[in-house]
Amino acid sequence: MYQLKPTHKPVKDFYKRRAELTAHKVMNELSIRDALQALLQATAKSKGLFFVSEKTLQNGVRPDGVIYDEYQFRRAVWESKDTHDDLDVEIRNKRKAGYPFDNILFENNDI
């Protein structure tokens, strides 16, 4: 099993990028999500998985990212929100919209 540690380069890169964005007072979703997307891409690749951003699923919903295995089986879904969004409300809205909830990460990069 792959265990991501704070000492791994993708994790260090994530925190470095987030610190840079925070120093510039950048908090909107489209600007901050690239840091976590890079971390998810690197982690997926290290496990032999494939990360796709903005992939429209069969039911028409489009999460910020989807991770697939070598058989094109969906393993995980990622949805990013603005830091000022109410994450609980956004999660309820995504559930109503038909987002898959079998293995999903909702985040607002509020670290």
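Data block above holds the structure.
Here's a quick rundown of the structure. All of these numbers come straight from a predicted model, not from anything done at the bench. (Residues numbered from 1 in each chain as written. Predicted model: local features only at pLDDT ≥ 70, side-chain atom pairs only at ≥ 80, totals over all residues. Heavy atoms only, no water.)

This next bit is on the packing of aromatic side chains. All told, the structure shown has three aromatic pairs when counted by the stated rule. For the pair F14 and Y15, a centre-to-centre distance of 5.0 Å together with 70 degrees between the ring planes defines the contact as edge-to-face. On the numbers, 5.5 Å between centres and 40 degrees between planes, the contact of F101 with F106 is tilted. Since its relative accessible area comes to 13%, F106 is described here as buried. (Phe/Tyr/Trp six-rings, centres within 6.5 Å; stacked < 30°, edge-to-face > 60°. Buried < 20%, exposed > 50% of the residue type's maximum accessible area, 1.4 Å probe, protein only.)

A word on the sheet that holds strand β3 (residues 74-80). The strand order across the open sheet formed by four strands is β1-β2-β3-β4, and the pairing between neighbours is mixed. The sheet terminates laterally at β1 (50-53) and β4 (104-107), the two strands that pair on one side only. Neighbouring strand axes in the sheet, compared pairwise and without regard to direction, differ in orientation by 15 degrees on average. Where strand β2 (residues 65-68) meets β3, four bridges bridge the pair, whose relative direction is antiparallel. Bridge assignment links Y68 to a residue of β3, and that residue is R74. (Pairing = 2+ DSSP bridges. Helix = DSSP H or I, 4+ residues; strand = E, 2+ residues; numbered from the N terminus. Axes fitted to C-alpha atoms, helices over the stretch in contact; angles between N-to-C directions.)

Turning our eyes to something else, we now look at the environment of I32. Along the chain, the position of I32 falls in helix α2 (residues 29-46). Placed 15 residues apart in sequence, I32 and R17 show a C-alpha to C-alpha distance of 8.6 Å.

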